[in-house]
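Listed below, chain by chain, are the residues.
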Amino acid sequence: MASLSPALRNRLVAAQSGTFACAVHSLSRRRGLATVRAPATIFSALDTFPDRHIGPNSREAAYMLSELGYGSIDAFIHDTVPQQVKIAASEMTDDVIRPLSELEFNRRAKALGRDNKQFKSYIGMGYHNAVVPPVILRNVMENPAWYTQYTPYQAEIAQGRLESLVNFQTMVMSMTAMDIANASLLDEATAAAEGMVMAHITSGRKKVFFIDDGVSPQTVAVLRTRAKGFGIELRVGDATSAFDNEAETCGVLVQYPDVDGRIKDFTDLASSAHRSDALVVVATDLLALAMLKPPGEWGADIVLGNSARFGVPSGYGGPHAAFFACTEKLKRKMPGRLIGRSRDASGRPAYRLALQTREQHIRREKATSNICTSQALLANMAAMYAVYHGPEGIKRIANKVHGLTQLLKVIVGGYGFKTVNGTFFDTLTLDVTGAVKAAEAVHEAAAKAGVNFRHIDNEHVGVTIDESVGPIDFLRIANVFSSAAGSSILTREDLLPSPSASSIPLSLSRASAFLPHPVFNKHHSETEMLRYIHHLESKDLSLAHSMTPLGSCTMKLNSTSSMIPLTWPEFSNVHPFAPIDQVKGYLQVIKDLEGDLCKITGYYACSLQPNSGAAGEYAGLSVIRAYHESRGQGYRDVCLIPVSAHGTNPASAMMAGMKVVPVKNMQDGSVDLEDLAAKAEKHRNSLAAFMITYPSTFGVFEEGVRDACHIIHKNGGQVYLDGANLNAQVGLTSPAVCGGDVCHLNLHKTFAIPHGGGGPGVGPICVAEHLAPFLPSHPLLKVGGEKAIDAVAAAPFGSASILLISWAYVKMLGGQGLTDSSKMALLNANYMAKRLSGYYSVRFKNKNGRVAHELLIDFVEFDKAAGLKVVDFAKRLQDFGFHPPTVSWPIPTCMLIEPTESESLDEIDRFCEAMIKIRQEAEDVITGKQPKNNNMLKNAPHTVSDIVGEWDRPYSREDAVYPLSWLREKKFWPTVSRVDDAYGDLNLVCDCPSVAETAHNFEP
Ligand SMILES: Cc1ncc(COP(=O)(O)O)c(C=O)c1O
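Residues numbered from 1 in each chain as written. Predicted model: local features only at pLDDT ≥ 70, side-chain atom pairs only at ≥ 80, totals over all residues. Heavy atoms only, no water.

An unreviewed UniProt entry lists the chain under the name Glycine dehydrogenase, from Vararia minispora EC-137.

## Re the environment of Val-432
Note that Val-432 resides in the loop between β12 (427–431) and α14 (439–449). Considering only alpha carbons, one finds Val-432 and Tyr-256, 176 residues apart in sequence, at a separation of 24 Å. Val-432 has contacts with Phe-417, Ala-438, Ala-439, Val-442, Asn-458, Glu-459, His-460 and Val-461, leaving out every residue within four places of it along the chain. (Helix = DSSP H or I, 4+ residues; strand = E, 2+ residues; numbered from the N terminus. Contact = heavy atoms within 4.5 Å.)

## Points about the sheet that holds strand β1 (residues 120–122)
With mixed pairing, five strands are arranged side by side in an open sheet as β1-β13-β14-β12-β11. Two strands close off the open sheet at either side, each with one partner strand: β1 and β11 (418–419). Pairing between strand β13 (residues 451–455) and strand β14 (residues 460–464): two bridges, direction antiparallel. Looking across to β14, one finds that Arg-454 is bridged to Gly-462. (Pairing = 2+ DSSP bridges.)

## Considering the pairing of strand β7 (residues 302–306)
Counting buried positions along β7 gives five out of five residues, so the element sits mostly inside the fold. Here four bridges tie strand β6 (residues 279–284) to β7, and the two strands are oriented parallel to one another. Each bridged residue has a counterpart across the sheet, and for Ala-283 the counterpart in β7 is Leu-304. Alignment of β7 against strand β8 (residues 322–326), held across five bridges, turns out to be antiparallel. Across the sheet, residue Ile-302 finds its bridge partner in β8, namely Cys-326. (Buried < 20%, exposed > 50% of the residue type's maximum accessible area, 1.4 Å probe, protein only.)

## So, the packing of helix α5 (residues 102–115) against helix α25 (residues 803–836)
Put simply, α5 and α25 touch, their axes get as near as 10 Å, and they point 135 degrees apart. In terms of axis orientation, α5 runs oblique to α25. Regarding α5 and α25, the two cross each other, and that crossing is right-handed. In contact with Glu-102, Phe-105, Arg-108, Ala-109 and Leu-112 of α5, α25 contributes Trp-807, Ala-808 and Met-812. Tallied by class, the residues present in the contact of α5 with α25 amount to six nonpolar, no polar and two charged. (Axes fitted to C-alpha atoms, helices over the stretch in contact; angles between N-to-C directions. Parallel < 35°, antiparallel > 145°, perpendicular 65-115°, else oblique. Left-handed = near helix turned anticlockwise from the far one by under 90°. Nonpolar A, V, L, I, M, F, W, Y, C, P; charged D, E, K, R; others polar.)

## Observations regarding the packing of aromatic side chains
Under the definition given, this model contains 28 aromatic pairs. Geometrically, the ring pair formed by Tyr-694 and Phe-701 is edge-to-face, given 5.7 Å between the ring centres and 70 degrees between the ring planes. Using a relative accessible area of 0% as the deciding quantity, one classes Tyr-694 as buried. Under the relative-accessibility criterion, Phe-701 is labelled buried at 4%. When the centroid spacing of 6.2 Å and the interplanar angle of 80 degrees are considered together, the rings of Tyr-840 and Phe-873 count as edge-to-face. (Phe/Tyr/Trp six-rings, centres within 6.5 Å; stacked < 30°, edge-to-face > 60°.)

## Comments concerning the pairing of strand β10 (residues 349–353)
β10 sits mainly inside the fold: four of its five residues count as buried. Bridge count between strand β9 (residues 339–344) and β10: five bridges; the pairing is antiparallel. Residue Ser-342 lies in a different strand from β10, and its bridge partner there is Ala-350. Here β9 folds back onto β10 in antiparallel fashion, the turn holding four residues, of which Gly-347 has a positive phi close to 85 degrees.

## Description of the pattern of salt bridges
What the rule picks out here adds up to 40 salt bridges. Between Lys-264 and Asp-213 there is a salt bridge, with its nearest N and O atoms 3.9 Å apart. Remark: Asp-213 occurs in the loop between β3 (208–212) and α10 (217–230) and Lys-264 occurs in the loop between β5 (249–256) and α11 (267–275); sequence separation between them is 51 residues. The class of Asp-213 is partly exposed, set by a relative accessible area of 47%. Of the charged contacts in the structure, one is a salt bridge between Asp-980 and Arg-343, with a shortest N-O distance of 3.6 Å. Placement of Asp-980 in strand β26 (residues 979–980) and of Arg-343 in strand β9 is noted, with a sequence separation of 637 residues between them. (Salt bridge = Lys/Arg side-chain N within 4 Å of Asp/Glu carboxyl O.)

## Topic: the site of the ligand
In the vicinity of the ligand lie 14 residues, with Thr-373, Ser-552, Gly-613, Asp-722 and His-748 positioned nearest. A distance of 2.6 Å separates an oxygen atom of the ligand from a polar side-chain atom of Thr-373. Measuring from an oxygen atom of the ligand, one finds a side-chain N or O atom of His-748 at 2.7 Å. In isolation the ligand exposes 390 Å². Once the protein is present, 98% of that is buried. Sort the elements by how many residues they give to the shell around the ligand and helix α20 (residues 613–630) lands first, with three residues. (Near = heavy atom within 4 Å. Polar contact = N/O pair within 3.5 Å; in protein donor to acceptor, adjacent residues only side chain to side chain. Areas by Shrake-Rupley, 256 points an atom, 1.4 Å probe, with all protein chains shown as cover.)

## Some remarks on the nonpolar core
Grouped together as the largest cluster of nonpolar side chains are 244 residues, with contacts concentrated most on Met-171 and Phe-453. Here this core gets 21 residues from one element, more than from any other, and that element is helix α13 (residues 376–414). Leaving out residues up to four positions away in the same chain, Phe-453 has contacts with Tyr-122, Ile-123, Val-442, His-443, Ala-446, Val-461, Gly-462, Val-463, Ile-477, Val-480 and Phe-481. (Core = buried A, V, L, I, M, F, W, Y, C linked by side-chain atoms within 4.5 Å.)

## Comments concerning the sheet that holds strand β16 (residues 638–642)
Strand order in the open sheet formed by seven strands is β15-β21-β20-β19-β18-β16-β17, with mixed pairing between adjacent strands. Among the strands making up the open sheet, the edge pair consists of β15 (605–607) and β17 (659–663). Neighbour to neighbour, the strand axes of the sheet diverge by 25 degrees on average, direction disregarded. Here β16 runs beside β17; their pairing, made up of five bridges, is parallel. Residue pairing across strands places Val-638 opposite Lys-659, the latter belonging to β17. With respect to the sheet, helix α19 (residues 584–601) is in contact with β15, β20 (742–745) and β21 (765–767), its orientation differing from that of β15 by roughly 120 degrees.

## What to know about unusual backbone geometry
With an omega dihedral of 10 degrees, the bond running from Gly-318 to Pro-319 counts as a cis peptide bond. The topology assignment puts Pro-319 in the loop between β7 and β8. Between Gly-759 and Pro-760 the backbone carries a cis peptide bond, its omega angle lying at 20 degrees. Despite not being glycine, Met-125 shows a phi value in the positive range, around 55 degrees. For Met-125, the location among the structural elements is in the loop between β1 and α6 (134–141). Phi at Thr-554 is positive, roughly 50 degrees, even though this residue is not glycine.

## A few points about the side chain of Asn-828
Tracing the backbone shows Asn-828 in helix α25. Classification of Asn-828 by relative accessible area gives buried; the value is 0%. Of note is the side chain of Asn-828, whose polar atom sits 2.9 Å from the backbone oxygen of Thr-900.

## Regarding the packing of α20 against helix α21 (residues 648–655)
Where α20 meets α21, the axes come as close as 9 Å, and the angle between the chain directions of the two elements is 45 degrees. Here α20 is positioned oblique relative to α21, judged by the angle of their axes. Two packed elements cross with a definite hand, and for α20 against α21 that hand is right-handed. For the pair α20 and α21, contact is made by Ala-614, Glu-617, Tyr-618 and Leu-621 and by Thr-648, Asn-649, Ser-652, Ala-653 and Met-655, respectively.

## Regarding the state of the cysteines
What makes a disulfide is a covalent bond joining the sulfur atoms belonging to two cysteines. Tallied over the full model, the rule gives zero disulfides. Lacking any disulfide linkage, Cys-372 is separated from the closest cysteine sulfur, that of Cys-553, by 7.7 Å. Unpaired in this structure, Cys-606 has its nearest cysteine sulfur neighbour in Cys-766, at a distance of 3.9 Å. Classification of Cys-606 as buried rests on a relative accessible area of 9%. (Disulfide = S-S within 2.5 Å.)

This is the structure in structure tokens:
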């Protein structure tokens, strides 16, 4: 039956269902799958989430099991998950995590939302009340066609988001006046850390990095953590003296405007830095740059910051897209993803990820950054904001913000509050001593009015104005000061027009134009904007179209029910440094999620601070280092890593100041335990850690994982378990049972945060009890352990708002649903392996012939036989409307395929049919029926333009675009043909076409 079309097979199954369904029904309870169950009572909820989350129903599951030769899911799991690490079924049941129906969850979220007090925050420090244009909110942020996309590795089916990310890069370059910008980093503080490391490395590893005392405290904390791993010595003070007689300094970080609102002139500092061969790194604010002379015009080498002010809600700390720009000279050292223009096989312009995109995979421990997932969705939102408002709109917003700040200064000055900073854009640091006894009087009045200001000290209060401030908000702010000072209440009639003088020094006022590119100057009506958003969206394949079976990436259902609370103001408008008594709802979500993640991993404590899997790796390894130091073994710095590991593992180890020693893999893909033991013993006096991914990146549960952990512990090291593959483990085994000491989880994989086209992500770490004291802290809120390492992210709980999604996922699935999800992920992958195994060689299986939750298929034979590469198969899959699986990783000739539990049997069969059809097409090339260099695989993908023009290919147009009959009904058209990566890297162009170029393109 496996070779029948899905439609026919389903018909057969339906015909059999009389007998088969009875058998299945009796099996279903025994199988323990959370697929359709009869309601226990008339009051039982019918909107139970596991039924919606898990793709195959009981009948389909039973069919897949029978295809694999099993009568029950338990027998199948017995053969798939090693007994040594198996946990008892009772450890993850609905009694352990009680499931909520979708409606119950919604009510619970509403109640917790109400527990967050709806204060408006004017705290500043890098976070503002953003105004999200509704057209962007609904059509990008709340639109699965944007938020479920994967990182645009497959350029031909990702031109929409690539164009939008180029808009982001162009916007950053133009606002900052820098030569090149990347497509986002995790947050401002980690971007500053990347800038510091770039300065350190480009200077030939000079040791000292100077931080101006106007830099935000959270940025300084993250720099402190990062400096440690590189042996960088930090000095904090007045930057103007940084280069007085300092040859050892590799760079200086300044903030412009600074945390207190001051606009300092760093032009002379830049000259002295350059005379000393040091770099000037500038943290800045894009909106302020609409009025300020951009750093690129006064000597900055690196410019970074947070773009959230461009239409991204605060979300109690994130997610937001940090930006990072640098000079031409530094471009090849820039961290993160960079989008560039290239051309496709027909010579048409096309965008794709450029240069260092896969830096960690290629350079591993020699990489200078571990950025993999970044913040693509938020970068797209910020870019769309710039497209929608354009240069004139942005100027208007900046003028309003500055004007209101001026007005506030005059008004509060009248009550005796003196503005300490003579220059400012949007922030006043007020000396309160002329009006009240202590700053607390102002904060008390603010609390009564439902607003928050920045707590600086007893004598000073900070106020930062933003785009959202209307007349009522303004009066509320002003009246906090009038009531604190005992003056009469202001009314609207009392408001003067904004003073005309500016508090931006003339020498630092912006004279240059920005955003002249056509894209920022034509989509200003909502109709135009809506169409632009949908025009880009229509070029991109996402989970809204078909399965994205990317191995190691776990692209599963991101349910609407779990996404809904995210944009409620009760959660989205919360400042990360809001007083703790205002965020009870958030704190409960965080506590629940930390607790449930500990139950799932078997660990003692959790930190939700890291903003990606790689950031989690770095945090976990830094915790291990701190643990060794606490025992007087700070000299332990060797990290053993299997050669099969994800590239972020060695890059993170290097960033945490460790030396990477590779460990071999066996022929069957497992870690070579002999080599591991030999290396562990050889380095036993300096062994810090071992990193292992489980199940391995080769898609198998290794039998020897506990032995590997034992070897490491015996030699004084700690085990870091990379939990990116946790989707195979939940309820079946756990990192703690496997023997690890710390793991990170990718909430944007196993726990259903959508991938956003390359972020956001969350990479929490869970640790055993002995490591809990070292979990990361934060300078503005007490989090972490009692011997905590410094912060690893700008906000205490990282990207807090999207924790709601994983919280929803866990709470709605409950213990049984979580376990069943893992079981079904394993079943789907094994069924797929079975269907494909007559056609392709599945590289690794366990001794029972089972893969884990993903399978690795090797294409080397096709290369040998006919020069067909794995990438040719991948590109051909695009013609069938599928996102190709992970290509050329972890083995260059392979594809890593991960269907996840959310895909139905029909979808899996459609994918298998496509793969089988491509196999037949490859056979035609191997047997000489089709030429080696001009066939459907080599020419894939095929676009509409390809088939409407002259046709001289040795196959029909129909075979090119409709190789299977269902494609006539359900076709996704790639918009460009095969993109030429090498051309793009040689001719690096990373911004939007200019006016001149656009005009040229339209010349007849
Ligand atoms: C095995 C493994 N480890 C670590 C990571 C890094 O996670 P992130 O992309 O969130 O930084 C990935 C990401 O794909 C992965 O597959």
